[in-house]
Amino acid sequence: MEKIIDEKQQGNTLVMEPKTGNGKKLMIESYGCQMNFSDSEIVASILAKEGFDTTQSLEEADLVLINTCSIRDKAEQTVRKRLEKYNAVKKINPGMKVGVLGCMAERLKAQFLEEEKIVDLVVGPDAYKDLPNLINEVEEGRNAVNVILSKDETYGDISPVRLQSNGVSAFVSITRGCDNMCTFCVVPFTRGRERSRDPQSIMEEVNELAQKGFKEITLLGQNVDSYLWYGGGLKKDFKNASEMQKATATNFAALLRMVAEAHPKMRVRFSTSNPQDMTLDVIEAMAKYPNICKYIHLPVQSGSDRILKAMNRLHTREEYFELIDNIRKLMPDCAISQDMITGFPTETEEDHQDTLSLMEYVKYDFGFMFAYSERPGTMAARKLEDDVPEEVKKRRLTEIVNLQQQHSHFRTRQFVGKTVEVLIEKESKKSDAHWSGRTTQNTVAVFPKEQYKIGDFVNVKINDCTSATLIGEAVGYSENN
């Protein structure tokens, strides 16, 4: 699972400032990865132009959109339950239209419209610009489907409305789709082949965010390291580009440098990385610019070469270690997090031990760990039998999670006694007398509020920690303020 799924955010409804006041109400619920939450912002801004204000009340909505994820079975089950609820409300309010957006739309289009007749509108991740036409179709009583996957970056010229934003950190999409055909993953089929967005339009969006006072941006893509702009078109067609296009192309390291230099006081993060595409020049750029955060999410999925091959991950265990060594050499203070899938088809006890020993080698700061669940439409579902018993998956997952807990604690303990820069994002969940923010390593730190406010860069002396959180006290503003 290349994408980080934040369980706390699942099912959030988006809320924006009312603009239109002409009475049409839109409710959007989002599930899945950060990319989906970012897409919902784009959808909201497209529909604001059509006169829709957002609402959190299902009863008053004229249009309900559910932005879906296909990565795990649980996400799909949740969405189905939500659709049943919408249908119950439809009986009371027959004028309400229901649409499914995102990855699940792509995968289950026929089922949703023809067989189950539960939705009016099915829109894949590349067709959001077409939403106004599709809504007109639906209002005239026809079912509407648009799940065409495009060859170009599709949303370069739509400035997403920042929804539910803390006003401090924002997401900027730089690529869409993915060319890595990992056998467990449905993304290349739901989001299409990889294409990159024009660096000019990325810089415009970043500049606009800086003007609005945002202090941190995260460059987003299914696989940001393989960002490549040579005038448009698919990543895989780069080999046919002209000599001129090749000479003037922008890769991910160059894009990172452009963003970091444009706004030296703005923090820059990115997600997600793929080990096989993470090049030395990216690590060098991170080491060179203090405002590029010292944190890399580097999914490995398994520590076994045999399983990596079965997953079609295009690197070996040794190559992954080499990458980790390079990161440690150039940025000793860099945090690294993982995605891990346990119980992949044919995984043996020996393969599982390989995963644990890889974790021991890296000692990740934190991780996202899952037991394998078969996704229809993927190569693994077609070619491999899901043959690891459920109780074995559960036990192995527990062992992985427990080991990660130990490593997380080991990593947070390294900060005790040190003073670190924290960007204040919000009030601490546990205490309204404390602020919560993150260090450059993406570790959460909490400390007493005093005179500081959201959006301040503060130096915090760390006195204590849990396995996930640093606890400290502010000792003054940092030079970034």
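To start, this report covers the structure provided alongside it. (Residues numbered from 1 in each chain as written. Predicted model: local features only at pLDDT ≥ 70, side-chain atom pairs only at ≥ 80, totals over all residues. Heavy atoms only, no water.)

### Structural notes on the sheet that holds strand E19 (residues 434-438)
Part 1 of the argument: Read around the closed barrel, the 5 strands follow the order E18-E19-E20-E22-E21; overall the barrel is mixed. Sheet twist, expressed as the average angle between the axes of neighbouring strands with direction ignored, equals 55°.
Part 2 of the argument: Bridge count between strand E18 (residues 419-427) and E19: 4 bridges; the pairing is antiparallel. Of the residues in E19, the one forming a bridge with Lys426 is Ser436. (Pairing = 2+ DSSP bridges. Helix = DSSP H or I, 4+ residues; strand = E, 2+ residues; numbered from the N terminus. Axes fitted to C-alpha atoms, helices over the stretch in contact; angles between N-to-C directions.)

### Observations regarding the packing of helix H12 (residues 349-362) against helix H14 (residues 390-413)
The description of two packed helices rests on the angle between their axes and on the distance between the axes.
Part 1 of the argument: Running from N to C, H12 and H14 cross one another at 10°; their axes reach a closest spacing of 10 Å. For the element pair H12 / H14, the angle class is roughly parallel. Residues Glu349, His352, Thr355, Leu356, Met359, Glu360 and Val362 of H12 form the contact with H14, whose own contacting residues are Arg395, Arg396, Glu399, Ile400, Leu403, Gln404, His407 and Arg411.
Part 2 of the argument: Residues that form the contact of H12 with H14 fall into these classes: 5 nonpolar, 4 polar and 6 charged. (Parallel < 35°, antiparallel > 145°, perpendicular 65-115°, else oblique. Contact = heavy atoms within 4.5 Å. Nonpolar A, V, L, I, M, F, W, Y, C, P; charged D, E, K, R; others polar.)

### Remarks on the sheet that holds strand E17 (residues 366-371)
Part 1 of the argument: Across the sheet, which stays open at both edges, the 3 strands sit in the order E15-E16-E17 with parallel pairing between neighbours. Whereas interior strands pair on both sides, the edge strands pair on one side only; in this sheet they are strand E15 (295-297) and E17. Pairwise comparison of adjacent strand axes, ignoring direction, gives a mean angle of 10° for this sheet.
Part 2 of the argument: Where strand E16 (residues 335-342) and E17 come together, 6 bridges link them in parallel fashion. Pairing of Asp339 across the sheet is with Phe368, part of E17.

### Some points on a negative patch on the surface
Part 1 of the argument: A contiguous patch of negative charge on the surface is contributed by Asp305, Glu318, Glu319, Glu322 and Asp325.
Part 2 of the argument: For the negative patch, the element with the most residues is helix H11 (residues 317-330), which contributes 4 residues.
Part 3 of the argument: Residue position: Glu318 is located in helix H11.
Part 4 of the argument: Overall, Glu318 belongs to the exposed group, its relative accessible area being 53%. (Patch = residues over 30% accessible without salt bridge, like charges linked within 9 Å, V, L, I, M, F, W, Y side chains within 5 Å. Areas by Shrake-Rupley, 256 points an atom, 1.4 Å probe, with all protein chains shown as cover. Salt bridge = Lys/Arg side-chain N within 4 Å of Asp/Glu carboxyl O. Lys, Arg positive; Asp, Glu negative; His and termini not counted. Charge placed at Lys NZ, Arg CZ, Asp CG, Glu CD. Buried < 20%, exposed > 50% of the residue type's maximum accessible area, 1.4 Å probe, protein only.)

### Concerning the packing of aromatic side chains
Part 1 of the argument: Applying the stated criterion across every chain, the model contains 7 aromatic pairs.
Part 2 of the argument: Their ring planes at 75° and their centres at 5.0 Å tell us that Tyr452 and Tyr477 sit as a pair that is edge-to-face. In this pair, Tyr452 sits in the loop between strand E20 (444-448) and strand E21 (457-465) while Tyr477 sits in strand E22 (residues 469-477), placing the two residues 25 residues apart along the sequence.
Part 3 of the argument: Since its relative accessible area comes to 7%, Tyr452 is described here as buried.
Part 4 of the argument: Given the relative accessible area of 42%, Tyr477 is considered partly exposed.
Part 5 of the argument: Three or more aromatic residues joined by ring pairs make a cluster, and in this case those are Tyr295, Phe366 and Phe368. (Phe/Tyr/Trp six-rings, centres within 6.5 Å; stacked < 30°, edge-to-face > 60°.)

### Some remarks on the environment of Leu131
Part 1 of the argument: Tracing the backbone through its elements, the reader meets Leu131 in helix H4 (residues 131-139).
Part 2 of the argument: Counting along the chain gives 84 residues from Leu131 to Leu47, while the straight-line C-alpha distance between them is 7.8 Å.
Part 3 of the argument: Contact partners of Leu131, with chain neighbours within four places excluded, come to Val43, Leu47, Leu121 and Val123.

### Description of H12
Part 1 of the argument: In this model, H12 (14 residues) spans 20 Å end to end at C-alpha, consistent with the 20 Å of a helix rising 1.5 Å per residue.
Part 2 of the argument: When H12 is considered as a whole, its buried residues turn out to be Asp351, His352, Thr355, Leu356, Leu358, Met359 and Val362. Mapping the buried residues of H12 onto a view down its axis gives an arc of 155°, with all of them on the same face.
Part 3 of the argument: Close packing links the buried residues of H12 with helix H10 (305-310), H11, E16 and H14. (Expected span 1.5 Å × (residues − 1). Arc of directions from axis to C-beta.)

### A closer look at the pattern of salt bridges
Opposite charge on two side chains permits pairing when their charged atoms draw close.
Part 1 of the argument: Tallied over the entire structure, the rule returns 22 salt bridges.
Part 2 of the argument: When the shortest N-O distance is used, the salt bridge between Glu399 and Arg395 registers 2.9 Å. Highlighted residues: Glu399 and Arg395, both in helix H14, separated by 4 residues, approximately one helical turn.
Part 3 of the argument: You can call Arg395 partly exposed: its relative accessible area is 34%.

### Observations concerning the packing of H11 against H12
Part 1 of the argument: Orientation of H11 relative to H12, taken along the N-to-C sense of each, is 15°, at an axis distance of 11 Å. Considering the angle they form, H11 stands roughly parallel to H12. Crossing of H11 against H12: the hand is right-handed. Where H11 approaches H12, its residues Arg317, Tyr320, Phe321, Ile324, Asp325 and Arg328 are matched on the opposing element by Asp354, Ser357, Leu358, Tyr361 and Val362.
Part 2 of the argument: When its residues are assigned to classes, the contact of H11 with H12 shows 6 nonpolar, 1 polar and 4 charged. (Left-handed = near helix turned anticlockwise from the far one by under 90°.)

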